[in-house]
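A structural walkthrough
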Amino acid sequence: MEAFIQELRDYEEDEDLKLSEGTVLEPGRQEIRSIFGIHEISERFSRLTRDPRLLAMVEQLLGKGVYIHQSRINYKPGFKGKGFDWHSDFETWHSEDGMPRMRSLSCSIILTDNGEFNGPLMLIPDRTNTSCPASAAPRPTTTRSRLRARKLVCPTIPACAS
């Protein structure tokens, strides 16, 4: 685990990476918020995505023929940086990237200790098989540009309450 964490620390000092298309910085600061396509940048993370133990679990849930739609690292130290607004991954991927149906799996691998002040995620029970329509029509932007602007495709509250 320490090798993964050290690699991420090294990225924080990489000025070329900070300027790359796949990197999102914290608003108004030169600190990394997210790095997209981490499996394409890092051999270590690439090997992790192809680990037979992980693939077996994914294929058990989705069947054969799986692929990585998106990978990223989100830096989120406690008390630092901005949070990620509530959103629904599928609606974003569907409207911006053209993902045709909800045959997907989001997987988070937590590399650091987490507690009540830096917990990574809140899930809504029983929403794994239901689409919550977005509040706006698809827009010709990318997830990366939306993260930079801190605007995501968010389902409407009434759509998710039903």
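Described in the following lines is the structure provided in the data block.

Conventions used here
Residues numbered from 1 in each chain as written. Predicted model: local features only at pLDDT ≥ 70, side-chain atom pairs only at ≥ 80, totals over all residues. Heavy atoms only, no water. Helix = DSSP H or I, 4+ residues; strand = E, 2+ residues; numbered from the N terminus. Buried < 20%, exposed > 50% of the residue type's maximum accessible area, 1.4 Å probe, protein only. Contact = heavy atoms within 4.5 Å. Core = buried A, V, L, I, M, F, W, Y, C linked by side-chain atoms within 4.5 Å. Salt bridge = Lys/Arg side-chain N within 4 Å of Asp/Glu carboxyl O. Pairing = 2+ DSSP bridges. Axes fitted to C-alpha atoms, helices over the stretch in contact; angles between N-to-C directions. Arc of directions from axis to C-beta.

1. Regarding the overall build of the chain
Counting its regular elements, the chain contains eight helices and three strands. The secondary structure elements of the chain, listed N-terminal to C-terminal, are α-α-β-β-α-α-α-β-α-α-α. By the burial criterion, 27% of the 162 residues in the chain qualify as buried. Sequence separation of at least 24 residues holds for 67% of the intrachain contacts in the chain that already meet a minimum separation of 6.

2. With respect to the nonpolar core
Membership of the largest hydrophobic core is limited to 12 residues, which are Phe4, Ile5, Leu8, Tyr11, Leu17, Ile32, Ile35, Ile38, Phe45, Ile73, Tyr75 and Leu111. Every element with two or more residues in this core is listed here: α1 (2-12) and β2 (32-36). Examining the composition of this core, we find that four residues originate from one element, α1, more than from any other. Excluding residues within four positions of it along the chain, Ile32 makes contact with Tyr11, Glu12, Leu17, Lys18, Thr23, Val24, Leu25 and Tyr75.

3. What to know about the pattern of salt bridges
Across all of its chains, the model carries nine salt bridges by this definition. With its nearest N and O atoms 3.4 Å apart, the salt bridge here joins Glu26 to Arg33. Each member of the pair, Glu26 together with Arg33, is buried. Put simply, Glu43, Arg47 and Arg50 are held in one network by salt bridges that share partners.

4. Considerations on the sheet that holds strand β1 (residues 23-25)
Pairing in this open sheet of three strands is antiparallel, and the strands run β1-β2-β3 from one edge to the other. The sheet is open, and its two borders are formed by β1 and β3 (72-74), each paired with just one other strand. With strand direction ignored, the average angle separating the axes of adjacent strands in the sheet is 15°. With three bridges joining them, β2 and β3 adopt antiparallel strand pairing. Considered in β3, the bridge of Ile35 is made with Ile73.

5. Focus: α1
What α1 keeps buried is the set Phe4, Ile5, Glu7, Leu8 and Tyr11. Buried residues of α1, viewed axially, fall in a sector of 160°; they line one side. Among the structural elements, α2 (15-19), β2, α3 (38-41), α4 (43-49) and β3 are those in contact with the buried residues of α1.

6. Some words on the environment of Glu91
Structurally, the position occupied by Glu91 is in helix α6 (residues 89-97). It is 9.8 Å that separates the C-alpha atoms of Glu91 and Arg101, two residues lying 10 residues apart in sequence.

7. Here we look at the pairing of β2
In terms of residue burial, β2 counts as a mostly covered element, since five of its five residues are buried. Both β1 and β2 contribute to a ladder of three bridges, which runs antiparallel. Following the sheet pairing, Thr23 is matched in β2 by Ile35. Between β1 and β2, which pair antiparallel one after the other, the connecting turn spans six residues, and Gly28 there sits at a positive phi close to 75°.

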